[in-house]
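Results of the structural survey
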Amino acid sequence: YADLYGNLYDPFNGKKDLKNGEIKFIGDAQKRIEEDYLRVLRYIRFFLNYSKKSHNTEIVKIIKQNLEGFSKISNERLLDEFKKLVKSNGFLKLTKDKFCYEIINLIFPQFKNLSIFKNLNSYAKEKINNLDFIFLISLMVVDGTDNVDYFIYKFNLSKKDKKRILFLNIFFSKKINSKTFSSKNLQKIFYINGKQLLLDLLYFQIFRSKKVDKKLLEMIEFFKNKEIPLFPLKAITLMTEYNIPEGKELGVKLKKIEDRWIENNFEISKSEIQKIIKS
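For clarity, every value in this text was computed on a predicted model and none was experimentally measured.

Cut-offs applied
- Residues numbered from 1 in each chain as written.
- Predicted model: local features only at pLDDT ≥ 70, side-chain atom pairs only at ≥ 80, totals over all residues.
- Heavy atoms only, no water.
- Helix = DSSP H or I, 4+ residues; strand = E, 2+ residues; numbered from the N terminus.
- Rg over C-alpha atoms; globule rule 2.2 N^0.38 Å.
- Buried < 20%, exposed > 50% of the residue type's maximum accessible area, 1.4 Å probe, protein only.
- Areas by Shrake-Rupley, 256 points an atom, 1.4 Å probe, with all protein chains shown as cover.
- Lys, Arg positive; Asp, Glu negative; His and termini not counted.
- Charge placed at Lys NZ, Arg CZ, Asp CG, Glu CD.
- Core = buried A, V, L, I, M, F, W, Y, C linked by side-chain atoms within 4.5 Å.
- Contact = heavy atoms within 4.5 Å.
- Phe/Tyr/Trp six-rings, centres within 6.5 Å; stacked < 30°, edge-to-face > 60°.
- Salt bridge = Lys/Arg side-chain N within 4 Å of Asp/Glu carboxyl O.
- Axes fitted to C-alpha atoms, helices over the stretch in contact; angles between N-to-C directions.
- Parallel < 35°, antiparallel > 145°, perpendicular 65-115°, else oblique.
- Left-handed = near helix turned anticlockwise from the far one by under 90°.
- Expected span 1.5 Å × (residues − 1).
- Nonpolar A, V, L, I, M, F, W, Y, C, P; charged D, E, K, R; others polar.

A few words on the overall build of the protein chain. In terms of regular secondary structure, the protein chain is built from 16 helices and zero strands. For 279 residues, the compact-globule estimate of 2.2 N^0.38 gives 19 Å, and the C-alpha radius of gyration of the protein chain, at 26 Å, exceeds that figure by more than 25%. Viewed in the frame of its principal axes, the protein chain has a C-alpha envelope of about 85 × 45 × 40 Å. Taken over 279 residues, the protein chain has a buried fraction of 43%. Carbon and sulfur atoms form 50% of the exposed surface of the protein chain, whose accessible area is close to 17100 Å². If the 53 positive side-chain charges of the protein chain are averaged to one point and the 34 negative ones to another, these points end up 4 Å apart.

Right, let's get into the nonpolar core. Within soluble globular proteins, side chains that are nonpolar tend to cluster in buried spots. If you look at the biggest cluster of nonpolar residues, it comprises 76 residues, and the most contacted ones within it are Phe82, Ile137, Met140, Phe151 and Leu201. Residue contributions to this core peak at nine residues, all from helix 12 (residues 195-207). Among residues more than four places away in sequence, those in contact with Phe82 are Leu41, Ile104, Phe108, Phe111, Phe133, Ile137 and Met140. Of all hydrophobic cores here, the second largest spans 15 residues; its members include Leu238, Trp261, Ile276 and Ile277.

Okay, the packing of aromatic side chains next. Tallying each qualifying case throughout the model produces 22 aromatic pairs. Aromatic side chains Phe135 and Tyr203 sit 6.2 Å apart centroid to centroid with 65° between the ring planes, which places their arrangement in the edge-to-face category. Placement of the pair is Phe135 in helix 8 (residues 133-141) and Tyr203 in helix 12, with a sequence separation of 68 residues. In this structure Phe135 comes out as buried when scored by relative accessible area, which is 2%. Consider the rings of Phe171 and Phe181, whose centres lie 6.1 Å apart with planes at 65°: the pair is edge-to-face. Taken as a pair, Phe171 in helix 10 (residues 159-171) and Phe181 in the loop between helix 10 and helix 11 (183-193) lie far apart in primary sequence, 10 residues in all.

Overall, the coordinates contain 16 salt bridges when judged by the stated rule. With a closest N to O distance of 3.5 Å, Glu221 and Lys224 form a salt bridge. With Glu221 and Lys224 both in helix 13 (residues 214-224), this residue pair falls three residues apart, about one helical turn. On the basis of relative accessible area, Lys224 is assigned to the partly exposed category, the value being 36%. Across the pair Lys255 and Asp259 runs a salt bridge whose closest N-O atoms are separated by 2.7 Å. Of the two residues, Lys255 and Asp259 are both situated in helix 15 (residues 248-263); the distance of four residues between them amounts to about one turn of the helix. The class for Asp259 is partly exposed, based on a relative accessible area of 33%.

Before going further, it helps to spend a moment on the environment of Leu4. Tracing the chain through its elements places Leu4 in the segment before helix 1 (14-20). Along the sequence, Leu4 and Trp261 sit 257 residues apart, while their C-alpha atoms lie 65 Å from each other.

Between helix 8 and helix 12, the least distance of the axes is 11 Å, while the angle of their chain directions is 50°. What the angle tells us is that helix 8 and helix 12 run oblique. Regarding helix 8 and helix 12, the two cross each other, and that crossing is right-handed. Contacts between helix 8 and helix 12 involve Phe135, Ser138 and Leu139 from the first element and Asp200, Tyr203, Phe204 and Phe207 from the second.

For helix 5 (residues 75-86), spanning 12 residues, the distance from its first C-alpha to its last is 16 Å, which sits close to the expected 16 Å at 1.5 Å a residue. Looking at the buried side of helix 5, the elements it contacts are helix 3 (39-50), helix 6 (98-107), helix 8 and helix 9 (147-155).

Turning our eyes to something else, we now look at the side chain of Gln187. Positionally, Gln187 belongs in helix 11. Setting aside anything within four residues of it in sequence, one finds Gln187 in contact with Phe222, Phe223, Lys226 and Phe266.

Glancing now at the packing of helix 8 against helix 10. The packing of two helices is summarised by the inter-axis angle and the distance between the axes. Taken N-terminus to C-terminus, the directions of helix 8 and helix 10 make an angle of 40°; their axes are 10 Å apart at the nearest point. With respect to each other, helix 8 and helix 10 are oriented oblique. Crossing hand, helix 8 versus helix 10: right-handed. Contacts between helix 8 and helix 10 involve Ile134, Phe135, Ile137, Ser138 and Val141 on the former and, on the latter, Asp161, Arg164, Ile165 and Leu168. A per-class count over the contact of helix 8 with helix 10 returns six nonpolar, one polar and two charged.

This is the structure:
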């Protein structure tokens, strides 16, 4: 503790422990954990960020004996506390510490891909602190199965966050081929799904790869400052210039024109429009 004048008050010899890199619970560890089971996650965060010593065997035993207490913690508080760990400087040490890694896997069984952080490529290690929590969570839960659905249900994410994770799960459940990350296909995804989902997609592919694809890095830079193209044709134009009445036919023609416009890299001539209208 410190007062307004910077005087240090240290009733638990915390300064000494900081210097020695020793992480302790204040007083009785069993009581402290029972008061708030989230202190287990805080212990892991502090240990990975500051510890210079091995885990105390008694603390390891007490933590393992109290894991059932997490069923009493709201999912919102649980995820919020985990976020502090993920955004801390010590997060990448998690997969290298056997005990911490085991405990996180037991508390969050949905994080099936947690091991992805064991061997990140150089670019991923450099950029990890620049990317938001939901993206990093997606790396842990997206596996092309219903694991994502269960995670979203359990932790009650916002609609926006759900959309991001579900998009990645659906995308990577399909077969990836040479055309998947072509400029033309990415342009299409950009127009239909928006900038955020496209960037998530590019970063996801980079983070899960052993080697960094420079073309993907170029695509990230290209789309970062790019505006989504605006479809130049409106329904009223078809109604007035081409005498198409309001109704189902109008919607079908407009959709066909838009699809052709997308396939032509967001360009379409009047002759192509007329051909679609007459078909």
